[in-house]
Amino acid sequence: MLLSYMLGSIPFGLLLTAASGQGDIRQIGSGNIGATNVLRTGNRKLAAATLLLDGLKGALAVLIAWVMTPPELGDRAASLAAIFAVLGHCFPLWLGFRGGKGVATGLGVVLAMSPLAGLACCLIWVVGAKVTRISSAGALLAFACMPVILFFQNGHSFSGSEKPLAGVLVAFIIFMRHRTNIGRLLNGTEPRIGQSSR
């Protein structure tokens, strides 16, 4: 759990923007360290790299958990790793517990836990964002569907595997981190992709 948290808390968006001379990403747009805000620097390659690395750290946490534990404990360890990697990204110790919103890392952990569910969530996210032109809308739709997909993959049950429960908790964390986005979505003021955010 500690290793997963530490992996999840690596702030790639902050590190990449600083290394490329873009300054402190926390002073740009929404102040978030994730790929969506990195995109507001105008550097698409940097945003893509942030998205990829934030997803990889989540996937790596889950895969390490599987490797480090006996087969009979694999699902439990992977599920705990998934939760703590997302917590690390959202609440990194090094940044005063002010991190990202967990979308890329959340997709990474789901892809590692269940590639089919992860691919389905990625597709839902992309289609939702493309249709609405709102990144947060696509992300929230994907994570609303993710626990349901894991539930059906587990034979319509929360027993026998911790993955569906981990999906619920990961989705809950991400929805909580999107509270302000949800408020703006409800009142129609959420910025569309390419627009600035305060």
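Residues numbered from 1 in each chain as written. Predicted model: local features only at pLDDT ≥ 70, side-chain atom pairs only at ≥ 80, totals over all residues. Heavy atoms only, no water.

Selection criterion: UniProt positions are given in the numbering used here, feature names are shortened, and annotations may be inferred rather than shown by experiment.
Going by the annotation in an unreviewed UniProt entry, the name recorded for the protein chain is Glycerol-3-phosphate acyltransferase, with Acetobacter sicerae given as the source organism. Under Subcellular location (unreviewed entry), UniProt gives the following word-for-word description of the protein chain: "Cell membrane". UniProt, in its Catalytic activity (unreviewed entry) section for the protein chain, records the words "an acyl phosphate + sn-glycerol 3-phosphate = a 1-acyl-sn-glycero-3-phosphate + phosphate".

**With respect to helix α7 (residues 115–132)**
The test is simple: Secondary structure elements are taken from DSSP: a helix is a run of H or I of four residues or more, a strand is a run of E of two residues or more, and numbering for both begins at the N terminus. To estimate how far a helix should extend, the number of its residues minus one is multiplied by 1.5 Å. Should any heavy atoms of two residues lie within 4.5 Å, those residues are considered in contact.
In a regular helix each residue adds 1.5 Å, so 18 residues correspond to 26 Å; α7 covers 25 Å between its end C-alpha atoms and thus fits that length. The inward-facing, buried residues of α7 contact α4 (44–68), α6 (103–113) and α8 (135–153). Downstream of α7 by one or two residues, Arg133 has phi in the positive range, about 60°.

**Thoughts on the packing of α4 against helix α5 (residues 74–90)**
Note the threshold: Angles run from 0 to 180 degrees between N-to-C directions of axes, and those axes are lines fitted to C-alpha atoms, restricted for helices to the stretch in contact. An angle below 35 degrees is treated as roughly parallel, one above 145 as roughly antiparallel, one from 65 to 115 as roughly perpendicular, and anything else as oblique. Crossing handedness: left-handed means the near helix sits turned counterclockwise from the far one by under a right angle, and right-handed means the same turn made clockwise. Only Asp, Glu, Lys and Arg are considered charged in this grouping, and only Ala, Val, Leu, Ile, Met, Phe, Trp, Tyr, Cys and Pro are considered nonpolar; every other residue, Gly among them, is considered polar.
In contact at an axis separation of 8 Å, α4 and α5 are set at 150° when each is read in the N-to-C sense. Between α4 and α5, the interaxial angle falls into the category roughly antiparallel. The handedness of the crossing between α4 and α5 is right-handed. For the pair formed by α4 and α5, the contact residues are Asp54, Lys57, Gly58, Ala61, Val62, Ala65 and Trp66 on the first element and Gly74, Asp75, Ala77, Ala78, Ala81, Ala82, Ala85 and His89 on the second. Residues of the contact of α4 with α5, tallied by class, amount to nine nonpolar, three polar and three charged.

**Here's the deal with the layout of surface pockets**
Stated precisely, the cut-off is as follows: Only protein atoms enter the 1 Å grid, on which a cavity is a set of points fitting a 1.4 Å probe that cannot get out and a pocket is an open set with protein on both sides within 12 Å along at least 5 of 7 lines, lining residues being those with an atom within 4 Å of a point. Grid points are joined across faces, edges and corners, and a volume is the space filled by probe spheres set on the points.
Roughly 1400 Å³ of internal volume is contained in the largest pocket. What lines the largest pocket is a set of 46 residues, and nearest its centre among them are Ala35, Thr36, Asn37, Trp125 and Ser135. When residues of the lining of the largest pocket are traced back to their parent elements, those giving at least two are α3 (35–39), α4, α6, α7, α8, α9 (163–177) and α10 (179–187). With five residues, α4 is the single largest residue contributor to the lining of the largest pocket. Looking at side-chain class alone, the lining of the largest pocket contains 15 nonpolar, 17 polar and 14 charged residues.

**Remarks on the UniProt feature "transmembrane region" (unreviewed entry) in the protein chain**
When the UniProt feature table is mapped onto this chain numbering, "transmembrane region" (unreviewed entry) sits at residues 47–68, 80–97, 103–127 and 134–152. The span residues 80–97 shows a helical share of 61% and a strand share of 0%, and its end C-alpha atoms are spaced 19 Å apart. Segment residues 103–127 splits into 96% helix and 0% strand. End C-alpha atoms: 15 Å apart.

**Brief notes about the state of the cysteines**
Formally: In this description, the term disulfide denotes a pair of cysteine sulfurs within 2.5 Å.
Within this structure, the stated rule accounts for zero disulfides. The closest cysteine sulfur to the non-disulfide-bonded Cys121 is located on Cys122, 7.1 Å from its own sulfur. Not engaged in a disulfide, the cysteine Cys145 finds its nearest cysteine sulfur in Cys121; these two sulfurs lie 7.1 Å apart.

**Points about the packing of α6 against α8**
At a minimum axis distance of 11 Å, the contact between α6 and α8 shows a crossing angle of 25°. Considering the angle they form, α6 stands roughly parallel to α8. Our pair here, α6 against α8, has a crossing hand that is left-handed. For the pair formed by α6 and α8, the contact residues are Val103, Gly106, Leu107, Val110 and Met113 on the first element and Ala139, Phe143, Met146 and Leu150 on the second. For the contact of α6 with α8, a count of residues per class yields eight nonpolar, one polar and no charged.

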